[in-house]
Amino acid sequence: MSIRMAGGDWEPLLLSIEPRRCKICQQGLYRDQTLFRGGWSRCTVCDEFVHYSCLASGRFKFLKRRPRVCKRCASSEPSSTPKPGDQAA
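Novice: Would you mind going over the overall build of the protein chain in detail, with residue names and values included?
Specialist: When you go through the protein chain residue by residue, the secondary structure sums to 2 helices and 2 strands. Reading the protein chain from its N terminus to its C terminus gives the helix and strand order α-β-β-α. Split into buried and exposed, the 89 residues of the protein chain put 21% on the buried side. Carbon together with sulfur atoms contributes 54% to the accessible area of the protein chain, which is approximately 7900 Å² in total.

Quick look at the structure:
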């Protein structure tokens, strides 16, 4: 008699894990591939995970916009936003 007899079948319990996909470049967000190559972040507009390189650029090209916005959401936003000091009286 084996102790494992009462353990049941293990094969159905081993479910395949699907990685998240970046909605911009459609590549997987694997930790072993992206951890040391920029990683990923969540877009604050659409609440999706995207690669760090798929985020919209900020004032300098190598820095990203704050709050974090993906390129797709940044292109759909209106480009001219009124500044508080530019209001006409």
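Having seen it, we continue.
Novice: So what's going on with the side chain of Lys64? Which residues, and what values?
Specialist: Structurally, Lys64 can be placed in the loop between strand E2 (49-51) and helix H2 (71-76). Classification of Lys64 as buried rests on a relative accessible area of 16%. Dropping the residues within four chain positions of it, Lys64 is found in contact with Tyr52, Ser53, Leu55, Ala56, Ser57 and Gly58.

Novice: Hey, could you go over the nonpolar core for me, with residue numbers and the actual values?
Specialist: Cys22, Leu29, Cys43, Phe49, Val50, Cys54, Leu55, Val69, Cys70 and Cys73 together form the largest nonpolar core, which totals 10 residues. Setting aside anything within four residues of it in sequence, one finds Cys73 in contact with Lys23, Cys43, Val45 and Cys46.

Novice: If you had to explain the packing of aromatic side chains to someone new, which residues and values would you point to?
Specialist: Within this structure, the stated rule accounts for 1 aromatic pair. Aromatic pair Phe60 and Phe62: ring centres 6.1 Å apart, planes at 20°, arrangement stacked. On the basis of relative accessibility, which here comes to 45%, the residue Phe60 falls in the partly exposed class. The lysine or arginine in question, Lys64, covers the ring of Tyr52, its NZ or CZ lying 5.6 Å from the ring centre.

Novice: Run through the state of the cysteines, naming residues and quoting values.
Specialist: Where two cysteines share a covalent bond between their sulfur atoms, that bond is called a disulfide. As enumerated under the stated definition, the model contains 0 disulfides in all. No disulfide involves Cys73; its sulfur sits 3.4 Å from the nearest other cysteine sulfur, which is in Cys70.

Novice: Give me the lowdown on unusual backbone geometry, citing residues and values where you can.
Specialist: Of note, the bond from Arg66 into Pro67 is cis; its omega dihedral lies within 30 degrees of zero at -10°. Considering the arrangement of structural elements, one finds Pro67 in the loop between E2 and H2. Look at Gln26: it is not a glycine, yet its phi comes out positive at around 60°. As for its placement among the helices and strands, Gln26 is situated in the segment before helix H1 (31-34). If you check the backbone angles, Asp47 has positive phi at about 60° while not being a glycine. Within the secondary structure, Asp47 sits in the loop between strand E1 (40-42) and E2. Using a relative accessible area of 47% as the deciding quantity, one classes Asp47 as partly exposed.

Analysis parameters
Residues numbered from 1 in each chain as written. Predicted model: local features only at pLDDT ≥ 70, side-chain atom pairs only at ≥ 80, totals over all residues. Heavy atoms only, no water. Helix = DSSP H or I, 4+ residues; strand = E, 2+ residues; numbered from the N terminus. Buried < 20%, exposed > 50% of the residue type's maximum accessible area, 1.4 Å probe, protein only. Areas by Shrake-Rupley, 256 points an atom, 1.4 Å probe, with all protein chains shown as cover. Contact = heavy atoms within 4.5 Å. Core = buried A, V, L, I, M, F, W, Y, C linked by side-chain atoms within 4.5 Å. Phe/Tyr/Trp six-rings, centres within 6.5 Å; stacked < 30°, edge-to-face > 60°. Lys NZ or Arg CZ within 6 Å of the ring centre and 35° of its normal. Disulfide = S-S within 2.5 Å.

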